[in-house]
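Structural overview
One-letter residues, chain by chain:
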Amino acid sequence: MVFTFFLVLLGACQSSTPQHSISTSQIQEPTRTYATQHVILVVIDGVRYQDSWGDSTLANVPRMARELVPQGAFHPQFFNQGETLTTAGHVALTTGHHQKIENDGTEIPDFPSVFHYYRQFTGAPASKAWIITSKDKLEVLARTSSTEAAAAFAPSVNCGVNGLNTGYRPDTTTLRVAKQVLARHQPKLMLINLREPDTEAHEGDWNGYLKAIQQSDRLVADFWKWLQKQPRFQRNTTLLVTNDHGRHTGRRFKNHGDNCEGCRHISLLALGPDVKPGTVATRARSQADVAATMAELLGFPIPQRDGEPMTELFQQHALTGE
Ligand SMILES: [Zn+2]
Ligand SMILES: [Zn+2]
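Cut-offs applied
Residues numbered from 1 in each chain as written. Chains lettered and ligands numbered in written order. Predicted model: local features only at pLDDT ≥ 70, side-chain atom pairs only at ≥ 80, totals over all residues. UniProt positions renumbered as here; feature names shortened; annotations may be inferred. Axes fitted to C-alpha atoms, helices over the stretch in contact; angles between N-to-C directions. Helix = DSSP H or I, 4+ residues; strand = E, 2+ residues; numbered from the N terminus. Parallel < 35°, antiparallel > 145°, perpendicular 65-115°, else oblique. Left-handed = near helix turned anticlockwise from the far one by under 90°. Contact = placed C-beta atoms within 7 Å. Nonpolar A, V, L, I, M, F, W, Y, C, P; charged D, E, K, R; others polar. Core = buried A, V, L, I, M, F, W, Y, C linked by C-beta atoms within 7 Å. Buried ≥ 20, exposed ≤ 12 C-beta atoms within 10 Å, placed from the backbone. Expected span 1.5 Å × (residues − 1). Pairing = 2+ DSSP bridges.

As recorded in an unreviewed UniProt entry, the chain goes by the name Sulfatase-like hydrolase/transferase, listed as coming from Rufibacter glacialis. The chain has a UniProt comment under Sequence similarities (unreviewed entry) that states "Belongs to the sulfatase family."

Next comes the structure, spelled out in C-alpha coordinates:
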(Lines give C-alpha, C1' and ligand atoms only; values in the text may rest on other atoms or scores of the structure.)
(Ligands and ions follow the chains in the order given, each with its own letter.)
Protein backbone atom coordinates (compact mmCIF):
# COMPACT_ATOMS: atom_id res chain seq x y z
CA MET A 1 0.00 0.00 0.00
CA VAL A 2 2.71 2.44 1.01
CA PHE A 3 4.83 1.19 -1.86
CA THR A 4 1.95 1.72 -4.31
CA PHE A 5 1.46 5.24 -3.01
CA PHE A 6 5.17 5.91 -3.44
CA LEU A 7 5.04 4.72 -7.06
CA VAL A 8 2.06 6.99 -7.75
CA LEU A 9 3.92 9.90 -6.15
CA LEU A 10 7.06 9.09 -8.12
CA GLY A 11 5.02 8.93 -11.33
CA ALA A 12 3.44 12.28 -10.55
CA CYS A 13 6.86 13.81 -10.00
CA GLN A 14 8.30 12.41 -13.16
CA SER A 15 5.43 13.69 -15.27
CA SER A 16 5.41 17.14 -13.73
CA THR A 17 7.52 20.19 -14.35
CA PRO A 18 10.82 20.48 -12.40
CA GLN A 19 9.52 22.90 -9.75
CA HIS A 20 7.33 20.12 -8.32
CA SER A 21 10.24 17.86 -7.55
CA ILE A 22 11.77 18.04 -4.11
CA SER A 23 14.74 20.38 -4.10
CA THR A 24 17.10 21.58 -1.41
CA SER A 25 15.40 24.99 -1.49
CA GLN A 26 12.35 23.39 0.14
CA ILE A 27 14.33 22.40 3.24
CA GLN A 28 13.66 25.12 5.78
CA GLU A 29 16.71 27.01 7.01
CA PRO A 30 16.30 28.80 10.35
CA THR A 31 15.57 32.47 9.73
CA ARG A 32 18.65 34.26 11.03
CA THR A 33 17.84 37.67 12.34
CA TYR A 34 20.91 38.15 14.52
CA ALA A 35 24.29 39.67 13.66
CA THR A 36 26.03 37.46 16.24
CA GLN A 37 28.57 35.00 14.83
CA HIS A 38 30.34 34.05 18.07
CA VAL A 39 29.02 33.66 21.62
CA ILE A 40 31.29 33.70 24.67
CA LEU A 41 29.96 32.97 28.16
CA VAL A 42 32.14 34.15 31.07
CA VAL A 43 31.19 32.68 34.46
CA ILE A 44 32.69 34.46 37.48
CA ASP A 45 32.63 31.91 40.28
CA GLY A 46 30.85 32.61 43.56
CA VAL A 47 30.21 36.37 43.46
CA ARG A 48 27.37 37.56 45.66
CA TYR A 49 25.10 40.23 44.15
CA GLN A 50 25.40 42.49 47.20
CA ASP A 51 29.19 42.56 46.79
CA SER A 52 29.11 43.45 43.10
CA TRP A 53 26.15 45.01 41.29
CA GLY A 54 23.94 45.26 44.38
CA ASP A 55 26.43 47.59 46.10
CA SER A 56 25.33 51.11 45.11
CA THR A 57 28.94 52.36 44.93
CA LEU A 58 29.81 49.64 42.38
CA ALA A 59 33.27 49.78 43.97
CA ASN A 60 34.13 46.18 43.03
CA VAL A 61 32.86 46.21 39.44
CA PRO A 62 33.82 49.75 38.34
CA ARG A 63 35.09 48.92 34.85
CA MET A 64 32.13 46.77 33.85
CA ALA A 65 29.73 49.34 35.34
CA ARG A 66 31.34 52.33 33.64
CA GLU A 67 32.58 50.91 30.33
CA LEU A 68 30.36 47.92 29.56
CA VAL A 69 26.89 48.51 31.01
CA PRO A 70 26.12 51.60 28.85
CA GLN A 71 26.69 49.54 25.68
CA GLY A 72 25.17 46.36 27.07
CA ALA A 73 22.07 44.88 28.65
CA PHE A 74 22.13 44.30 32.41
CA HIS A 75 19.94 41.88 34.32
CA PRO A 76 19.41 42.81 37.98
CA GLN A 77 16.88 40.01 38.60
CA PHE A 78 18.94 37.00 37.61
CA PHE A 79 19.05 33.86 39.74
CA ASN A 80 20.44 30.41 40.31
CA GLN A 81 17.23 28.38 40.82
CA GLY A 82 18.93 25.02 41.38
CA GLU A 83 21.78 23.81 43.57
CA THR A 84 23.92 26.83 44.43
CA LEU A 85 27.20 25.02 43.84
CA THR A 86 29.85 25.39 41.13
CA THR A 87 29.20 22.32 39.01
CA ALA A 88 25.39 22.46 39.25
CA GLY A 89 25.38 26.18 38.40
CA HIS A 90 27.58 25.67 35.35
CA VAL A 91 25.53 22.65 34.22
CA ALA A 92 22.32 24.72 34.43
CA LEU A 93 23.99 27.40 32.30
CA THR A 94 25.28 24.99 29.63
CA THR A 95 22.39 22.48 29.44
CA GLY A 96 19.33 24.55 30.39
CA HIS A 97 18.44 21.94 33.01
CA HIS A 98 18.78 21.91 36.78
CA GLN A 99 20.49 18.73 37.84
CA LYS A 100 21.57 17.62 41.29
CA ILE A 101 25.12 16.70 40.45
CA GLU A 102 28.25 15.90 42.44
CA ASN A 103 30.33 19.06 42.84
CA ASP A 104 33.76 17.43 42.57
CA GLY A 105 33.92 16.40 38.91
CA THR A 106 33.00 12.75 39.56
CA GLU A 107 29.56 12.93 37.91
CA ILE A 108 28.69 13.66 34.30
CA PRO A 109 25.77 15.90 33.24
CA ASP A 110 22.60 14.03 32.20
CA PHE A 111 21.68 16.31 29.33
CA PRO A 112 23.71 17.36 26.30
CA SER A 113 24.93 20.95 26.48
CA VAL A 114 24.57 23.86 24.11
CA PHE A 115 28.07 22.90 22.90
CA HIS A 116 26.98 19.37 21.95
CA TYR A 117 23.87 20.64 20.16
CA TYR A 118 25.84 23.31 18.34
CA ARG A 119 28.19 20.72 16.86
CA GLN A 120 25.40 18.24 16.17
CA PHE A 121 23.22 20.69 14.28
CA THR A 122 25.92 22.55 12.38
CA GLY A 123 28.44 19.77 11.74
CA ALA A 124 31.17 22.04 13.11
CA PRO A 125 34.42 20.41 14.31
CA ALA A 126 35.37 20.35 18.01
CA SER A 127 37.77 23.25 17.42
CA LYS A 128 34.75 25.57 17.03
CA ALA A 129 33.38 24.97 20.56
CA TRP A 130 35.50 25.35 23.72
CA ILE A 131 35.24 25.02 27.48
CA ILE A 132 38.14 26.87 29.15
CA THR A 133 38.06 26.91 32.95
CA SER A 134 40.25 27.76 35.92
CA LYS A 135 38.66 24.86 37.84
CA ASP A 136 39.75 21.49 36.49
CA LYS A 137 36.58 19.74 37.66
CA LEU A 138 34.54 21.72 35.14
CA GLU A 139 35.95 19.55 32.38
CA VAL A 140 32.82 17.41 32.98
CA LEU A 141 30.81 20.14 31.22
CA ALA A 142 32.11 18.74 27.93
CA ARG A 143 30.57 15.36 28.65
CA THR A 144 27.06 13.94 29.01
CA SER A 145 25.61 10.60 30.06
CA SER A 146 22.73 11.19 27.64
CA THR A 147 22.20 8.22 25.35
CA GLU A 148 21.28 10.66 22.61
CA ALA A 149 23.50 11.03 19.61
CA ALA A 150 24.45 14.49 20.86
CA ALA A 151 26.93 12.93 23.28
CA ALA A 152 29.22 12.25 20.34
CA PHE A 153 29.63 15.97 19.73
CA ALA A 154 31.79 17.02 22.68
CA PRO A 155 33.48 20.43 22.61
CA SER A 156 37.21 20.99 23.07
CA VAL A 157 38.44 21.54 26.64
CA ASN A 158 41.26 23.34 28.43
CA CYS A 159 40.56 23.04 32.16
CA GLY A 160 42.58 23.58 35.33
CA VAL A 161 46.32 23.00 35.48
CA ASN A 162 46.18 20.17 32.96
CA GLY A 163 42.66 18.72 32.87
CA LEU A 164 40.45 16.83 35.34
CA ASN A 165 42.10 16.05 38.71
CA THR A 166 45.12 18.31 38.16
CA GLY A 167 43.99 21.28 40.27
CA TYR A 168 42.96 24.90 39.81
CA ARG A 169 44.96 27.51 37.92
CA PRO A 170 45.04 31.33 38.06
CA ASP A 171 42.30 33.24 36.22
CA THR A 172 44.90 35.27 34.32
CA THR A 173 46.20 32.00 32.83
CA THR A 174 42.68 30.95 31.84
CA LEU A 175 42.03 34.23 30.06
CA ARG A 176 45.39 34.05 28.29
CA VAL A 177 44.54 30.54 27.05
CA ALA A 178 41.09 31.74 25.94
CA LYS A 179 42.65 34.51 23.82
CA GLN A 180 45.13 32.06 22.27
CA VAL A 181 42.31 29.65 21.39
CA LEU A 182 40.20 32.46 19.94
CA ALA A 183 43.08 33.67 17.78
CA ARG A 184 43.99 30.20 16.60
CA HIS A 185 40.60 28.48 16.08
CA GLN A 186 38.02 31.30 15.81
CA PRO A 187 35.50 29.26 17.84
CA LYS A 188 31.79 30.04 17.55
CA LEU A 189 30.98 29.08 21.12
CA MET A 190 33.09 29.35 24.26
CA LEU A 191 32.68 29.12 28.04
CA ILE A 192 35.28 30.71 30.33
CA ASN A 193 35.26 30.09 34.11
CA LEU A 194 37.08 32.51 36.46
CA ARG A 195 37.37 30.97 39.93
CA GLU A 196 39.32 33.34 42.18
CA PRO A 197 36.48 35.17 44.01
CA ASP A 198 35.10 31.80 45.14
CA THR A 199 38.48 30.50 46.30
CA GLU A 200 39.36 33.64 48.27
CA ALA A 201 35.96 33.64 49.97
CA HIS A 202 36.26 29.98 50.99
CA GLU A 203 39.53 30.91 52.68
CA GLY A 204 37.56 33.42 54.74
CA ASP A 205 39.61 36.29 53.32
CA TRP A 206 37.14 39.15 52.91
CA ASN A 207 39.65 41.57 51.35
CA GLY A 208 41.03 38.83 49.12
CA TYR A 209 37.47 38.07 47.95
CA LEU A 210 36.79 41.73 47.10
CA LYS A 211 40.15 42.03 45.31
CA ALA A 212 39.33 38.92 43.29
CA ILE A 213 35.99 40.43 42.23
CA GLN A 214 37.86 43.58 41.20
CA GLN A 215 40.36 41.51 39.23
CA SER A 216 37.50 39.71 37.45
CA ASP A 217 36.04 43.12 36.61
CA ARG A 218 39.35 44.18 35.04
CA LEU A 219 39.82 40.89 33.19
CA VAL A 220 36.34 41.02 31.65
CA ALA A 221 36.56 44.72 30.70
CA ASP A 222 40.01 44.21 29.13
CA PHE A 223 38.78 41.05 27.37
CA TRP A 224 35.89 42.94 25.78
CA LYS A 225 38.30 45.67 24.64
CA TRP A 226 40.59 43.01 23.17
CA LEU A 227 37.70 41.37 21.30
CA GLN A 228 36.77 44.70 19.75
CA LYS A 229 40.33 45.01 18.38
CA GLN A 230 40.26 41.58 16.68
CA PRO A 231 39.02 41.76 13.09
CA ARG A 232 37.50 38.26 13.47
CA PHE A 233 35.49 39.13 16.60
CA GLN A 234 34.78 42.85 16.57
CA ARG A 235 31.11 43.72 16.08
CA ASN A 236 30.02 40.06 15.65
CA THR A 237 30.63 38.57 19.10
CA THR A 238 28.13 38.38 21.95
CA LEU A 239 29.63 38.25 25.43
CA LEU A 240 27.52 37.04 28.36
CA VAL A 241 28.93 37.55 31.86
CA THR A 242 27.27 35.76 34.77
CA ASN A 243 27.92 33.64 37.88
CA ASP A 244 27.41 30.04 38.92
CA HIS A 245 26.12 30.99 42.39
CA GLY A 246 26.36 33.69 45.05
CA ARG A 247 27.24 33.23 48.73
CA HIS A 248 25.29 33.04 51.99
CA THR A 249 23.57 36.27 53.00
CA GLY A 250 25.09 38.48 55.69
CA ARG A 251 28.41 37.76 57.32
CA ARG A 252 28.48 34.13 56.24
CA PHE A 253 30.19 35.01 52.94
CA LYS A 254 32.70 32.17 53.32
CA ASN A 255 30.40 29.46 51.96
CA HIS A 256 27.36 28.83 49.78
CA GLY A 257 25.06 26.04 48.73
CA ASP A 258 21.56 26.58 50.13
CA ASN A 259 18.43 28.48 49.09
CA CYS A 260 19.14 31.83 50.73
CA GLU A 261 18.87 35.06 48.75
CA GLY A 262 22.64 35.58 48.82
CA CYS A 263 23.30 32.17 47.26
CA ARG A 264 20.56 32.52 44.63
CA HIS A 265 20.85 36.14 43.50
CA ILE A 266 23.48 36.53 40.78
CA SER A 267 23.74 38.78 37.72
CA LEU A 268 23.88 38.76 33.95
CA LEU A 269 25.52 41.28 31.63
CA ALA A 270 25.14 40.93 27.86
CA LEU A 271 27.22 42.74 25.22
CA GLY A 272 27.28 42.43 21.47
CA PRO A 273 25.89 43.48 18.11
CA ASP A 274 22.35 42.31 18.87
CA VAL A 275 22.08 43.74 22.36
CA LYS A 276 19.84 46.74 22.90
CA PRO A 277 22.34 49.19 24.49
CA GLY A 278 21.44 50.44 27.95
CA THR A 279 18.75 47.81 28.52
CA VAL A 280 17.95 47.03 32.14
CA ALA A 281 15.88 43.87 32.10
CA THR A 282 12.83 43.73 34.36
CA ARG A 283 11.56 40.17 33.98
CA ALA A 284 13.25 37.77 36.41
CA ARG A 285 15.39 35.18 34.65
CA SER A 286 17.54 32.24 35.67
CA GLN A 287 20.57 30.25 34.54
CA ALA A 288 18.34 27.78 32.68
CA ASP A 289 17.64 30.53 30.11
CA VAL A 290 21.29 30.97 29.09
CA ALA A 291 21.80 27.88 26.89
CA ALA A 292 18.59 28.65 24.99
CA THR A 293 19.77 32.25 24.51
CA MET A 294 23.16 31.16 23.14
CA ALA A 295 21.44 28.76 20.72
CA GLU A 296 18.93 31.42 19.65
CA LEU A 297 21.73 33.84 18.74
CA LEU A 298 23.56 31.26 16.63
CA GLY A 299 20.37 29.86 15.08
CA PHE A 300 20.24 26.23 16.18
CA PRO A 301 17.74 24.34 18.37
CA ILE A 302 18.12 22.87 21.86
CA PRO A 303 15.52 20.12 22.19
CA GLN A 304 13.99 19.49 25.64
CA ARG A 305 15.41 22.46 27.48
CA ASP A 306 13.68 24.07 30.44
CA GLY A 307 14.76 27.65 29.74
CA GLU A 308 13.67 30.17 27.14
CA PRO A 309 15.75 32.58 25.04
CA MET A 310 16.08 36.01 26.66
CA THR A 311 14.91 37.84 23.55
CA GLU A 312 14.08 40.92 25.62
CA LEU A 313 17.82 41.71 25.66
CA PHE A 314 18.14 41.86 21.89
CA GLN A 315 17.11 43.98 18.97
CA GLN A 316 16.07 42.32 15.75
CA HIS A 317 18.05 43.16 12.65
CA ALA A 318 16.68 43.23 9.15
CA LEU A 319 18.01 40.32 7.14
CA THR A 320 21.04 41.48 5.21
CA GLY A 321 20.98 38.63 2.71
CA GLU A 322 24.59 37.71 3.38
ZN1 LIG B 1 32.58 27.59 46.23
ZN1 LIG C 1 23.13 30.60 51.29
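The rest of the description comes next.
We now examine the packing of helix α4 (residues 114-122) against helix α9 (residues 288-298). Remark: α4 packs on α9, axes separated minimally by 10 Å, with the N-to-C direction vectors making an angle of 25 degrees. Viewed along their axes, α4 and α9 adopt a mutual orientation that is roughly parallel. You can see that α4 and α9 cross each other, and the crossing is right-handed. Contacts between α4 and α9 pair V114, Y117 and Y118 from the former with A291, M294, A295 and L298 from the latter. Split into classes, the residues belonging to the contact of α4 with α9 amount to 7 nonpolar, no polar and no charged.

Looking now at the nonpolar core. In this structure, L41, V42, V114, I131, L189, I192 and M294 are the most contacted members of the largest nonpolar core, which totals 76 residues. For this core, the element with the highest residue contribution is α9, accounting for 8 residues. Every residue in contact with L189, bar those within four places of it in the chain, is listed here: V39, V114, F115, Y118, A129, M294 and L298.

To continue, consider unusual backbone geometry. Phi at L58 is positive, roughly 55 degrees, even though this residue is not glycine. When you line up the elements, L58 lands in the loop between β1 (38-44) and α2 (62-68). Of note in the backbone geometry, R235 takes a positive phi value of approximately 60 degrees without being a glycine. Positionally, R235 belongs in the loop between α7 (206-229) and β6 (237-243).

This paragraph deals with α7. Its 24 residues place the ends of α7 35 Å apart at the C-alpha level, agreeing with the 34 Å of an ideal helix rising 1.5 Å per residue. All of the buried residues along α7 are Y209, A212, I213, S216, D217, L219, V220, W224 and L227.

Counting buried positions along strand β2 (residues 73-79) yields 5 of 7 residues, so the element is predominantly enclosed. In the sheet, β2 pairs with strand β7 (residues 265-271) via 5 bridges, with the strands oriented antiparallel. Paired with F78 across the two strands is I266, which belongs to β7. By the bridge criterion, 2 bridges tie β2 to strand β8 (residues 279-280) in an arrangement that is parallel.

With respect to burial, helix α3 (residues 86-95) is a largely interior element, 10 of its 10 residues being buried. Three or more residues of α3 are buried, namely T86, T87, A88, G89, H90, V91, A92, L93, T94 and T95. Buried residues in α3 make contact with β1, α4, β5 (189-194), α6 (196-202), β6 and α9. Backbone geometry just after α3 places G96 at a positive phi near 80 degrees.

Two elements in contact, α3 and α9, have axes whose closest approach is 5 Å; the angle formed by their N-to-C orientations is 35 degrees. Read as a crossing pair, α3 and α9 show a hand that is right-handed. Along its contact with α3, which presents A92, L93, T94 and T95, the element α9 presents A288, V290 and A291. Within the contact of α3 with α9, the residues separate by chemical class into 5 nonpolar, 2 polar and no charged.

Moving on, we get to the pairing of β1. Of all 7 residues making up β1, 7 are buried, and the element is well covered by its neighbours. Here β1 shows no split at all, with H38, I40, V42 and I44 on one side and V39, L41 and V43 on the other all buried. By the bridge criterion, 7 bridges tie β1 to β6 in an arrangement that is parallel. By the bridge assignment, V39 is partnered in β6 with T238. Both β1 and β5 contribute to a ladder of 6 bridges, which runs parallel. In the strand pairing of β5, I44 is matched with L194.

This next bit is on the environment of I101. Mapped onto the fold, I101 is located in the loop between α3 and α4. In sequence terms I101 and V91 are 10 residues apart; their C-alpha atoms lie 8.6 Å from each other. When residues no more than four places from it in sequence are discounted, the contact partners of I101 are T87, A88, V91, E107 and P109.

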